[in-house]
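Secondary and tertiary structure notes
Each chain, written out:
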Amino acid sequence: MKNKAWEKKLKDQTPGLRRYARALTQDATASDDLVQDCLTRAWEKRDSWAEGSNLRAWLFSIMHNLFINNTRRQKLHQNHVTSATTDTIHHSHSDTMLDLEKCLAKLKPETREILLLAGLENLSYKEIAVITESPVGTVMSRLSRGREELRNLMSDSQKPKLVSIK
Amino acid sequence: MSIIAPSNTEELIQAYVDSQLGPEDIARIEKLITNDPALAQKIKDYQNQNALMHELYDPIQNEPIPTHFNDIYAENKNNRYWIKAVASIALFLLGSVTGWFIKDYNTKTYLNVVNLPQSATQAHMVYVPEVKHPVEVNADQEQHLIKWLSKRLGKSIKAPKLDSFGFQLVGGRLLPSDTGPAAQFMYENLTGNRLTLFVRTRSDAEQNTAFHYYKEKQMNAFYWIDGNLGYVIVGNLNRSDLLDTANTIYEQLSL
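The rules behind the values
- Residues numbered from 1 in each chain as written.
- Chains lettered and ligands numbered in written order.
- Predicted model: local features only at pLDDT ≥ 70, side-chain atom pairs only at ≥ 80, totals over all residues.
- Heavy atoms only, no water.
- Helix = DSSP H or I, 4+ residues; strand = E, 2+ residues; numbered from the N terminus.
- Buried < 20%, exposed > 50% of the residue type's maximum accessible area, 1.4 Å probe, protein only.
- Contact = heavy atoms within 4.5 Å.
- Polar contact = N/O pair within 3.5 Å; in protein donor to acceptor, adjacent residues only side chain to side chain.
- Buried area = accessible area lost by both parts, 1.4 Å probe.
- Salt bridge = Lys/Arg side-chain N within 4 Å of Asp/Glu carboxyl O.
- Patch = residues over 30% accessible without salt bridge, like charges linked within 9 Å, V, L, I, M, F, W, Y side chains within 5 Å.
- Areas by Shrake-Rupley, 256 points an atom, 1.4 Å probe, with all protein chains shown as cover.
- Phe/Tyr/Trp six-rings, centres within 6.5 Å; stacked < 30°, edge-to-face > 60°.
- Pairing = 2+ DSSP bridges.
- Axes fitted to C-alpha atoms, helices over the stretch in contact; angles between N-to-C directions.
- pLDDT = per-residue confidence, 0-100.
- Expected span 1.5 Å × (residues − 1).
- Arc of directions from axis to C-beta.
- Lys, Arg positive; Asp, Glu negative; His and termini not counted.

1. Digging into the overall build of chain A
A tally of helices and strands in chain A yields 8 helices and 0 strands. Counted from the first residue to the last, chain A has its helices and strands arranged as α-α-α-α-α-α-α-α. Among the 166 residues that make up chain A, the fraction classed as buried is 48%. In chain A, of all internal contacts separated by at least 6 residues, the share reaching a separation of at least 24 is 67%.

2. Focus: the side chain of Gln26(A)
Note that Gln26(A) resides in the loop between α1 (3-25) and α2 (28-44). You can call Gln26(A) buried: its relative accessible area is 2%. Separated by 2.9 Å, the side chains of Gln26(A) and Tyr57(B) make a polar contact.

3. Some words on the interface of chain A and chain B
Many analyses report the size of an interface as the accessible area lost when the parts associate. In this assembly, 50 residues from chain A lie in contact with 44 residues from chain B. Per-residue buried area on chain A facing chain B is highest for Arg19(A), Arg147(A) and Arg151(A); these three make up 15% of the total on that side. Taken together, the connections running from chain A to chain B amount to 6 salt bridges. On the surface where chain A and chain B come into contact, there are 20 residue pairs in polar contact (both at pLDDT 80 or more). Counting only elements with at least two residues in the side of chain A that touches chain B, the list comes to α1, α2, α3 (55-74), α5 (95-106), α6 (109-119), α7 (125-131) and α8 (136-158) of chain A. With 12 residues, α1(A) is the single largest residue contributor to the side of chain A that touches chain B.

4. Here we look at a nonpolar patch on the surface
Judged by side-chain polarity, Ile89(B), Phe92(B) and Leu93(B) come together as a nonpolar surface patch covering roughly 340 Å² of accessible area. By the secondary structure assignment, Leu93(B) is in helix α4 (residues 81-102).

5. Quick notes on the packing of aromatic side chains
Residue and element names in this part refer to chain B. This structure, assessed with the given rule, holds 9 aromatic pairs over all chains. Aromatic pair Phe-211 and Trp-224: ring centres 4.9 Å apart, planes at 90°, arrangement edge-to-face. Here Phe-211 is found in the loop between β4 (194-201) and β5 (212-216), whereas its partner Trp-224 is found in strand β6 (residues 219-226), with 13 residues between them in sequence. You can call Phe-211 buried: its relative accessible area is 14%. Residue class for Trp-224 comes out buried when judged on its relative accessible area of 1%. Here the aromatic residues Phe-211, Trp-224, Tyr-231 and Tyr-250 are joined through ring pairs into a cluster of three or more.

6. Notes on the sheet that holds strand β1 (residues 137-138) of chain B
All names here are of chain B. Taken in spatial order, the 7 strands of this open sheet run β1-β2-β3-β4-β7-β6-β5, and their pairing is antiparallel. The open sheet terminates on both sides in strands that have one partner only, identified here as β1 and β5. As paired elements, strand β3 (residues 180-188) and β4 share 7 bridges and run antiparallel to each other. Counterpart to Ala-183 in the pairing with β4 is Val-199. Where helix α7 (residues 239-254) meets the sheet, its contacts fall on β4, β5, β6 and β7 (229-235), and the angle it forms with β6 comes to roughly 25°.

7. Re unusual backbone geometry
Residues and elements named next belong to chain A. The phi torsion at Asn-122 lies on the positive side, around 50°, for a residue other than glycine. Take Asn-122: it is sitting in the loop between α6 and α7. Under the relative-accessibility criterion, Asn-122 is labelled partly exposed at 40%. Of note in the backbone geometry, Glu-133 takes a positive phi value of approximately 50° without being a glycine. Examined against the element boundaries, Glu-133 turns out to sit in the loop between α7 and α8. What makes Glu-133 exposed here is its relative accessible area of 63%.

8. Some details on the environment of Thr40(A)
Summarising the element assignment, Thr40(A) is placed in helix α2. With 30 residues separating them in the primary sequence, Thr40(A) and Leu10(A) have C-alpha atoms 9.8 Å apart.

9. Re the confidence of the model for chain B
All names here are of chain B. Mean pLDDT over chain B: 85, with 86% of residues reaching 70 or higher. Scored below 50 in pLDDT, residues 103-111 makes 3 contacts in the model with residues more than four places away or belonging to other chains. In the model output, the complex is listed with pTM 0.56 alongside ipTM 0.86.

10. Looking at α2(A)
All names here are of chain A. Its 17 residues give α2 an end-to-end C-alpha distance of 24 Å, which sits within 8% of 24 Å, the value for a rise of 1.5 Å per residue. When α2 is considered as a whole, its buried residues turn out to be Ser-31, Asp-32, Leu-34, Val-35, Cys-38, Leu-39, Ala-42 and Trp-43. Mapping the buried residues of α2 onto a view down its axis gives an arc of 165°, with all of them on the same face. Of the exposed residues in α2, the ones pointing more than 90 degrees away from its buried face are Thr-29 and Glu-44. A side-chain oxygen of the first residue of α2 lies 3.2 Å from the backbone nitrogen of Thr-29; this N-cap is Asp-27.

11. Some details on the side chain of Glu113(A)
All names here are of chain A. Relative to the elements of secondary structure, Glu-113 occurs in helix α6. Look at Glu-113: it is buried, it has no salt bridge, and the nearest opposite charge is Arg-142 at 6.0 Å. Excluding anything up to four places from it in sequence, Glu-113 contacts Tyr-20, Leu-24, His-64, Ile-68 and Thr-132.

What follows is the structure, encoded as structure tokens:
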């Protein structure tokens, strides 16, 4: 494939990658860094990509690796991460949407990743298994635990807050 | 969407929510739902999670793409692969020759030079994210900055021009290093990407070297020793572009 064609293919995928990265990182800056890194990797490795295979799944695999490395690194700087998650409040969104966003942010990054790949990106479980390098059974059990956790978090956040009195 | 064969009810539920079931399994779970209000509610909540995710994040696909994403494909415009290939062979040979000549020096020499890129990347990480105070002295007082840093390092130094790469001087600051005072110059391009040049005096053990590549986290760096000073250029540029800037800096500073 020619460079021009490659550039176009990657550019066509960019809006979708940005949607996923924003949901995954919960941070506008971090998400664009992630997408940029992902596209750069893909661009650099374009010659080793087998034509005809699933480009979107390949990009998600690259993103997965970058994201895992980032979260590993961020575990050393937990304070920065927690403070960085607060700047993604969108105006004009309903309360339930804000609740979902807050609750997604509370999930472990690995759990959030699976929920998004299935629920937002509508990837098949087999594709998710390849992307996350885990067996299909593991993907499905993580998915079921993650969804239940998110459901509990959502129902907690919709209950009226108890005020603690000292 | 590919069809999966669930091995238990939990898997059946997830695959139903994600529309990954065949007709028989769909009939099976829909029968379960009619007899189990709690299950029906659970599935409704899960489906609602997916719907909310789309509502929340789909609009991002319509946002404008950051312009700096175009830099990713820059190699497309100037097909300079062969120049880069020749340059890397030349550097490899230079490195090998230098390596041959310095091979008899003890490992302490080597370790001293290795400290150089580490100090530079650490300083880069600390100051580059700064929005309000990235530098101590701004570029509009460049004369003063150069005079001050030269005085503290005890060597005459300059801030090279990187305009040809789209990077302008932001300013600089004084830093500590393993050989005493060090200088950091910061550069920035239109999209806010920043490079830093770290300069400190050479230790007695260090000899002139060719460019050496160093990578830490997502930062690339090239470092070299020239005359009485050790230099490191650090940034989030790809390796070959950063090497081009290193060459330019070397040419400007050794004249």
